[in-house]
Amino acid sequence: KQEVTQIPAALSVPEGENLVLNCSFTDSAIYNLQWFRQDPGKGLTSLLLIQSSQREQTSGRLNASLDKSSGRSTLYIAASQPGDSATYLCAVRDNAGNMLTFGGGTRLMVKP
Amino acid sequence: EAGVTQFPSHSVIEKGQTVTLRCDPISGHDNLYWYRRVMGKEIKFLLHFVKESKQDESGMPNNRFLAERTGGTYSTLKVQPAELEDSGVYFCASSQVRFKQFFGPGTRLTVL
């Protein structure tokens, strides 16, 4: 059974810092991995999707990497801004099914 | 293009009552998913429709939950009778084939 863990659970940084959020999963037989952002009281916004054959994806100040063999993904946020404050969720889709298995999320606060 | 919509945004009911949640997927998306997050836990998969057929309902917690997708368009999730532990946020997502899942804003269910 796939399990997804995100570390740290919460993170507070000053504006302008580069930061890394970590995601690990137990079963490497994944189809893809998605990073989401959730603002309080809102739905999930997809940030990046990495297929199992890919090593990384980039969108603006965000870069997500995937190391399938070690069961790890990282989300790198460059030059963080207060508007980046949100909960970041990692979710994997296994080869066997269509459901997403989510981690517990990292609650990020970027202070001005 | 309209996103995934969910109704209501918030529902407060008494234990033992019935509640019906609705999800309208993105037009043209045959795949529709229900997930939920109960207090303090990760987002968990409930079930997956392909058009009007239930592809995977392995995440449904018990027979008090009934999901339907008549005509392969919108879906409803009925909880009858509701229990205290059903409180949480219920998310709907849709996708084309095995592509990225797009999430709705969620329905916050409170059972008193």
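Before reading further, recall that the structure is shown in the block above.
Residues numbered from 1 in each chain as written. Chains lettered and ligands numbered in written order. Predicted model: local features only at pLDDT ≥ 70, side-chain atom pairs only at ≥ 80, totals over all residues. Heavy atoms only, no water.

Enquirer: Looking at this structure, how should I read the overall build of chain A?
Expert: Of the regular secondary structure elements, chain A holds zero helices and 11 strands. Shown N-terminal to C-terminal, the secondary structure of chain A runs as helices and strands in the order β-β-β-β-β-β-β-β-β-β-β. Computed over the C-alpha atoms, the radius of gyration of chain A is 13 Å, within 12% of the 13 Å expected from 2.2 N^0.38 for a compact globule of 112 residues. When its C-alpha atoms are laid out on the principal axes, chain A stretches across 45 × 25 × 20 Å. The buried share of chain A, reckoned over its 112 residues, is 45%. Restricting the contact set of chain A to residue pairs at least 6 apart, pairs at least 24 apart contribute 54%. For chain A, the exposed surface amounts to about 5,200 Å²; the carbon and sulfur share of it is 49%. (Helix = DSSP H or I, 4+ residues; strand = E, 2+ residues; numbered from the N terminus. Rg over C-alpha atoms; globule rule 2.2 N^0.38 Å. Buried < 20%, exposed > 50% of the residue type's maximum accessible area, 1.4 Å probe, protein only. Contact = heavy atoms within 4.5 Å. Areas by Shrake-Rupley, 256 points an atom, 1.4 Å probe, with all protein chains shown as cover.)

Enquirer: Sorry, what's going on with the pairing of strand S8 (residues 72-77) of chain A here?
Expert: Along any regular strand, the residues point their side chains to alternate faces of the sheet. All names here are of chain A. The side-chain alternation of S8 yields one buried face, formed by Ser73, Leu75 and Ile77, and one unburied face, formed by Arg72, Thr74 and Tyr76. Sheet topology note: the strand S3 (residues 19-25)/S8 ladder contains six bridges and is antiparallel. When the bridges of S8 are listed, Cys23 appears paired with Ser73. Relative to S8, strand S7 (residues 62-67) runs antiparallel, the two sharing six bridges. Residue pairing across strands places Leu66 opposite Ser73, the latter belonging to S8. Between S7 and S8, which pair antiparallel in sequence order, lie four residues; one of them, Gly71, sits at a positive phi of approximately 70 degrees. (Pairing = 2+ DSSP bridges.)

Enquirer: Before we go on, may I ask you to explain the interface of chain A and chain B in this structure?
Expert: When the parts come together, some accessible area is lost, and that loss is often what is quoted as the size of the interface. In this complex, chain A contributes 21 residues to the contact, which on the side of chain B involves 18 residues. Here chain A and chain B share an interface that buries about 1,600 Å² over both sides, 52% of which is from carbon and sulfur atoms. The three residues of chain A that bury the most area against chain B are Asn98(A), Met99(A) and Phe102(A), which together make up 31% of that side's buried surface. Connecting chain A to chain B are zero salt bridges. The interface formed by chain A and chain B includes four residue pairs in polar contact (both at pLDDT 80 or more). (Buried area = accessible area lost by both parts, 1.4 Å probe. Salt bridge = Lys/Arg side-chain N within 4 Å of Asp/Glu carboxyl O. Polar contact = N/O pair within 3.5 Å; in protein donor to acceptor, adjacent residues only side chain to side chain.)

Enquirer: Would you mind going over the environment of Val12(B) with me for this structure?
Expert: All names here are of chain B. Residue position: Val12 is located in strand S2 (residues 10-13). Once the C-alpha coordinates of Val12 and Thr110 are considered, the two residues, 98 residues apart in sequence, prove to be 4.7 Å apart. Dropping the residues within four chain positions of it, Val12 is found in contact with Thr110 and Leu112.

Enquirer: What's the story with the nonpolar core in this structure? I'm lost.
Expert: Side chains of nonpolar character tend, in soluble globular proteins, to be buried together. Among the nonpolar cores identified, the biggest contains 23 residues, and Phe25(A), Leu33(A), Trp35(A), Leu75(A), Ile77(A), Tyr88(A) and Leu108(A) are the most heavily contacted of them. Within the residue set of this core, elements represented by two or more residues are S3, strand S4 (30-38), strand S5 (44-51), S7, S8, strand S9 (86-94) and strand S11 (106-111) of chain A. Cys23(B), Leu47(B), Phe65(B) and Leu77(B) belong to the second largest nonpolar core, which has 21 residues in total. (Core = buried A, V, L, I, M, F, W, Y, C linked by side-chain atoms within 4.5 Å.)

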